[in-house]
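# Topology and contacts: notes
The residues making up each chain are set out below.
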Amino acid sequence: MARAVEPGFSGARRRLIETLQDKGIKDLAVLRAIDMVPRHKFVPESTRHRAYEDAALPIGAGQTISQPYVHARSLELLQLTGAERVLEIGTGSAYQTALLAELAAQVFSIERVSTLLERSRTLLSELGVRNVSLLLGDGTLGWSNYAPYDAIVVGAGAPHVPPALEAQLAEGGRLLLPVGDREEQVLAVFTKRGGQLERRDITPVRFVPLIGAGGWPPG
Ligand code: SAH
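Just so it is clear, the model here is predicted, and its values are computed rather than measured.

### Side note on the sheet that holds strand E3 (residues 85-89)
Spatial strand order, E5-E4-E3-E6-E7-E8-E9: seven strands in an open sheet with mixed pairing. Edge positions in the sheet fall to strand E5 (132-136) and strand E9 (196-205), since each of these pairs with one other strand and no more. The sheet shows a mean angle of 15° between the axes of neighbouring strands, direction not considered. Examined bridge by bridge, strand E7 (residues 169-180) and strand E8 (residues 185-193) share seven bridges and lie antiparallel to one another. Within E8, the position partnered with Pro-178 by the bridge is Leu-187. Packing against the sheet, helix H3 (residues 68-78) makes contact with strand E6 (149-154), E7, E8 and E9, and its axis sits at approximately 155° to E7.

In structure tokens form, the structure reads like this:
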């Protein structure tokens, strides 16, 4: 990740980190990752002035970049040590992808909208992020070539755990998924123990729908 950050944004990013700490984010590795990744590069030019507000923003193609607090809380729940292989479903803006790249060894990220994926590919390469592989396709089917994954993060809401993702999660691994209906979900962490998923519900959330064979039909 490029370390040089435009001075115009560094104060705003510091304030965002303080806001996240005030809201209860304690994991120093997560806060450091948020400090390293220039969120303003991941949002459209027109909303750049709002990049360091603790708010979700539109990123085009009817999709949104999640609120920083939701990313921070999700990453905290994954308890990454830097050694993990992580699968992300729903690259979107690639902001969370870049955070994961700071916190894990290798990141595999799948996006179904090609315009978003190509923009992400260009941006991550411009920022010098090297430990991310991107795939265009239906993430509900996972990415079996590199399985099993120590962690799987789904950035869109699903009616249930897609079976392929359960199968591709390593023993002891964690899967983070917003589960519920198309509009409202609960963010749940599933841990694989003895081949079974144990579920823990964290907080109500609103994510865009996970569209695909193991998610919702399109439309
Ligand atoms: N963490 C991302 C979230 C983007 S929104 C960010 O903060 O930018 C969720 C993304 O999931 C959207 O880009 C949407 O196109 C994508 N998505 C939905 N269903 C998908 C599927 N089955 N496979 C891959 N991507 C999917």
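### Considerations on empty space enclosed by the protein
What the rule picks out here adds up to one cavity of 30 Å³ or more. A breakdown of the residues in the lining of the largest cavity according to their chemical character gives five nonpolar, no polar and one charged.

### Topic: the layout of surface pockets
Taken as a whole, the largest pocket holds about 660 Å³ of empty space. Looking at the largest pocket, it is lined by 40 residues, and the ones nearest its centre are Thr-64, Gly-155, Ala-156, Phe-207 and Val-208. Within the residue set of the lining of the largest pocket, elements represented by two or more residues are strand E2 (63-65), H3, E3, helix H4 (95-103), strand E4 (106-111) and E6. Residue classes in the lining of the largest pocket are distributed as 20 nonpolar, 15 polar and five charged.

### Focus on the environment of Leu-136
With respect to the secondary-structure elements, Leu-136 resides in strand E5. Beyond its immediate chain neighbours, meaning those up to four positions away, Leu-136 contacts Glu-111, Arg-112, Val-113, Ser-114 and Leu-117.

### What to know about the nonpolar core
Side chains of a nonpolar character, in soluble globular proteins, are inclined to be buried together. Counting residues in each nonpolar core, the largest one holds 48 residues, and the members touching the most others are Ile-34, Phe-42, Leu-78, Leu-80, Leu-100 and Leu-124. Top contributing element to this core by residue count: H4, with six residues. In this structure Leu-100 touches Leu-75, Leu-78, Leu-80, Val-86, Glu-88, Val-107 and Val-153, once residues within four positions along its chain are discounted. Counting residues in each nonpolar core, the second largest holds 19 residues, with Trp-143, Leu-165, Leu-175 and Phe-190 among its members.

### Topic: the site of the ligand
Around the ligand lies a shell of 25 residues, among which His-71, Ser-93, Glu-111, Gly-139 and Ile-211 are the nearest. With respect to the ligand, the backbone of Ile-211 contributes an N or O atom lying 2.6 Å from a nitrogen atom. Compared with its free state, where it exposes 580 Å², the ligand has 99% of that area covered by protein. A majority-of-atoms criterion places the ligand in the largest pocket.

Analysis parameters
- Residues numbered from 1 in each chain as written.
- Predicted model: local features only at pLDDT ≥ 70, side-chain atom pairs only at ≥ 80, totals over all residues.
- Heavy atoms only, no water.
- Pairing = 2+ DSSP bridges.
- Helix = DSSP H or I, 4+ residues; strand = E, 2+ residues; numbered from the N terminus.
- Axes fitted to C-alpha atoms, helices over the stretch in contact; angles between N-to-C directions.
- Contact = heavy atoms within 4.5 Å.
- 1 Å grid on protein atoms, 1.4 Å probe; cavity = no way out; pocket = protein on both sides within 12 Å on 5 of 7 lines; lining within 4 Å.
- Points joined across faces, edges and corners; volume = space filled by probe spheres on them.
- Nonpolar A, V, L, I, M, F, W, Y, C, P; charged D, E, K, R; others polar.
- Core = buried A, V, L, I, M, F, W, Y, C linked by side-chain atoms within 4.5 Å.
- Buried < 20%, exposed > 50% of the residue type's maximum accessible area, 1.4 Å probe, protein only.
- Near = heavy atom within 4 Å.
- Polar contact = N/O pair within 3.5 Å; in protein donor to acceptor, adjacent residues only side chain to side chain.
- Areas by Shrake-Rupley, 256 points an atom, 1.4 Å probe, with all protein chains shown as cover.
- Sits in = over half its atoms within 2 Å of the grid points.

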